[in-house]
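Each chain is listed here by its residues.
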Amino acid sequence: MTELLDALGLTQSVALLSLQPPGWGANLLRGLANSLRIAAGAFAFGLAIGLAGACGKLYGGVILRDLLAVYTTVIRAVPELVLILILYYVGTDLLNQAAAALGYGRVELSGVAAGIWVLGIVQGAYATEVLRGAIQAVPPGQLEAARAFGMPPLTVLRRVTVPAMLGHAMPGLANLWLIATKDTALLAIVGFSELTLETQQAAASTRAYFTFFLAAGALYLLVTLLSGVVFARMERWARRGQPPVGGSA
Amino acid sequence: MEPEHPHEAAVAVEVQDLHKSFGGLEVLRGVSLKARRGEVVAIIGGSGSGKSTMLRCINFLETPSAGRIVVDGEPVAVRPDGAPADRRQIERIRTRLAMVFQAFNLWTHRTLLENVTEVPIHVLKVSRRDAEARARALLDRVGLADKADTYPAFLSGGQQQRAAIARALAVDPSVMLFDEPTSALDPELVGEVLGVIRDLAAESRTMLIVTHEMAFAREVADHVVFLLDGRIEEEGPPDRVLGRPRSARLRQFLGAVA
């Protein structure tokens, strides 16, 4: 093993990536864990916004629909990096003003909470459109049958609309999840120690840029591959009532 | 409400002077009819005569423009715009009106058993055990006992419609509303669905059936209503309405569908 690494000239890289100090492997994994935590939180927060937003766009009044159109348009028009800066500083500023108004001192927003808030709002705009399309693809007869049997609106949503649209939404949601995992890298700009920032620090301290960024790239790829497997399974489950037609994820 | 003839059964559903317009198009222009408990009323008429709209106004899938719907003696309260005034009331009334649709409208993400237990469990709050036992008995009754765990898309139209009838029976409705239940079926599958409905008529279920099957209407209905341009052109016992029609338009219609 050692000879093989020697022969390939990888001994130094392995030492740098070791999980024990002075290796930086543990830092990278900690960064990955933070990235995934934020991505999962932002995805969930975005889904909640998206479901509410899609229902608002489809069933809401004129004012609500206009407000949601502004939200989805603006968020999708502005580059995410800019949005992250705006939402991060506006978010912390608002929080501090609220804290001051309530008589508390300055509060420090935790990196994870800030990241979830910022990326969640971005994800919510895209999720609104994904879920709106999926809901519109549900045959109206299924909702009509639910209403005809006396189901209250929220029960219709929970028991019929959401499960019936999931199959249509799954490919779009898988995209959103992958985007969420990679958008966490943008949080490096506000100093949040997710995978990219940890990588950068490790690389800068050791001058082994190639090794560390390649390792980070491999970790992102691993996340994507595993996500693909999980989402393919979820899509199969969500489409369980549909006869197979052509390919699947 | 007192029955007109005390010796007859109570009125299960009554439609009073029903009007319905879509934009400028007046589809129903004052239709009144009633079904007593145990009675089978067949509603016939050409396409565009308003028969499906009439049925869909009874459970407020369509909002009547004017008129009154009374179910088991309870009038549906409406706002000035005709929509139900009290969501809980219309939901409660809807659980007593089970509808069978032309396109079946089964929930495709649920198995037949789940389709049949859905409303009992999640609307009527029946225990899962009781609901499933009853659903299995109903599926057995419509000849689908072995398909309980199958998803609707894997079944024929006739099987799906029989499952939809089991779903309707599961709520133990006062009135069953059939909206052209065999119109979407291949000809060889019509018989199996009509057979199930025929059995229901034999056990004195109250049913309103919009249909194009004249022979079937004549066989199972106690009362036949012929709709024409949003009005009742002729009605009465099936043998008379379908056998010796008075209206020239009805004679013409029967000649065309025969």
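Residues numbered from 1 in each chain as written. Chains lettered and ligands numbered in written order. Predicted model: local features only at pLDDT ≥ 70, side-chain atom pairs only at ≥ 80, totals over all residues. Heavy atoms only, no water.

Caption draft 1: Spatial organisation of the interface of chain A and chain B. Facing 23 residues of chain A, the contacting portion of chain B comprises 28 residues. Interface area for chain A against chain B, summed over the two sides, is near 2300 Å², with a carbon-plus-sulfur share of 57%. Along the contact surface separating chain A from chain B lie 2 salt bridges. As a salt-bridge pair, Glu118 of chain B and Arg159 of chain A come within 2.7 Å of each other at their nearest N and O atoms. Summed over the shared surface of chain A and chain B, the number is 10 residue pairs in polar contact (both at pLDDT 80 or more). Listed by contribution, the elements that provide at least two residues to the side of chain A that touches chain B are α7 (140-148) and α8 (153-183) of chain A. (Contact = heavy atoms within 4.5 Å. Buried area = accessible area lost by both parts, 1.4 Å probe. Salt bridge = Lys/Arg side-chain N within 4 Å of Asp/Glu carboxyl O. Polar contact = N/O pair within 3.5 Å; in protein donor to acceptor, adjacent residues only side chain to side chain. Helix = DSSP H or I, 4+ residues; strand = E, 2+ residues; numbered from the N terminus.)

Caption draft 2: Representation of the pattern of salt bridges. Residue and element names in this part refer to chain B. Counted according to the given criterion, the structure contains 22 salt bridges over all chains. Here Arg198 ties to Glu219 by a salt bridge, and the two come within 2.4 Å at their closest N and O atoms. Residue Arg198 is located in helix α6 (residues 187-202), and its partner Glu219 is located in helix α7 (residues 214-220); the two are separated by 21 residues in the primary sequence. In this structure, Asp239 engages Arg218 in a salt bridge whose closest nitrogen and oxygen atoms are separated by 3.4 Å. Of this pair, Asp239 sits in helix α8 (residues 238-243) while Arg218 is found in helix α7, placing the two residues 21 residues apart along the sequence. You can call Asp239 partly exposed: its relative accessible area is 49%. Within this structure, Arg37, Asp72, Glu74, Arg92 and Arg96 form a network of salt bridges that share partners. (Buried < 20%, exposed > 50% of the residue type's maximum accessible area, 1.4 Å probe, protein only.)

Caption draft 3: Looking closely at the sheet that holds strand β3 (residues 40-45) of chain B. All names here are of chain B. Read across the sheet, 6 strands follow the order β6-β7-β8-β3-β9-β10 without closing on themselves; strand pairing throughout is mixed. Looking at strand neighbours, the two that pair on one side only are β6 (97-100) and β10 (231-236), the edges of this open sheet. In this sheet, adjacent strand axes meet at a mean angle of 20° when their direction is disregarded. The pairing of strand β7 (residues 175-179) with strand β8 (residues 206-210) spans 5 bridges and is classified as parallel. For Asp179, the partnering residue across the bridge sits in β8 and is Val210. With respect to the sheet, helix α1 (residues 51-58) is in contact with β3, β6, β7, β8 and β9 (223-228), its orientation differing from that of β7 by roughly 145°. Lying over the sheet, helix α9 (residues 248-257) contacts β3, β9 and β10, oriented at roughly 100° with respect to β9. (Pairing = 2+ DSSP bridges. Axes fitted to C-alpha atoms, helices over the stretch in contact; angles between N-to-C directions.)

Caption draft 4: Local environment of the confidence of the model for chain A. When pLDDT is averaged along chain A, the result is 88; 97% of the residues meet or exceed 70. The element-level mean pLDDT for chain A is lowest in helix α1 (residues 2-8) of chain A, coming to 73, with α7 of chain A highest at 95. (pLDDT = per-residue confidence, 0-100.)

Caption draft 5: How the structure looks around the packing of helix α3 (residues 25-59) of chain A against helix α4 (residues 62-77) of chain A. All names here are of chain A. Packing of α3 against α4 brings their axes to within 9 Å, and their N-to-C directions diverge by 135°. Regarding the angle of α3 to α4, the classification is oblique. Remark: the crossing between α3 and α4 carries left-handed chirality. Contacts from Ile49, Gly53, Gly56 and Lys57 in α3 reach Leu64, Arg65, Leu68, Ala69, Tyr71 and Thr72 in α4. Residue composition of the contact of α3 with α4, by class: 5 nonpolar, 3 polar and 2 charged. (Parallel < 35°, antiparallel > 145°, perpendicular 65-115°, else oblique. Left-handed = near helix turned anticlockwise from the far one by under 90°. Nonpolar A, V, L, I, M, F, W, Y, C, P; charged D, E, K, R; others polar.)

Caption draft 6: Seen up close, the sheet that holds strand β1 (residues 11-22) of chain B. All names here are of chain B. The strand order β2-β1-β4-β5 describes an open sheet built from 4 strands, whose pairing is antiparallel. Strands at the two margins of the open sheet, each flanked by one partner only, are β2 (25-36) and β5 (74-75). Relative to strand β4 (residues 66-71), β1 runs antiparallel, the two being bridged by 5 bridges. Residue Val13 lies in a different strand from β4, and its bridge partner there is Val71.

Caption draft 7: Local environment of the side chain of Thr184 of chain A. Along the chain, Thr184 of chain A turns up in the loop between α8 and α9 (195-206). Not counting residues up to four positions away in its chain, the partners in contact with Thr184 of chain A are Ser35, Ile38, Ala39, Leu119 and Glu194 of chain A.

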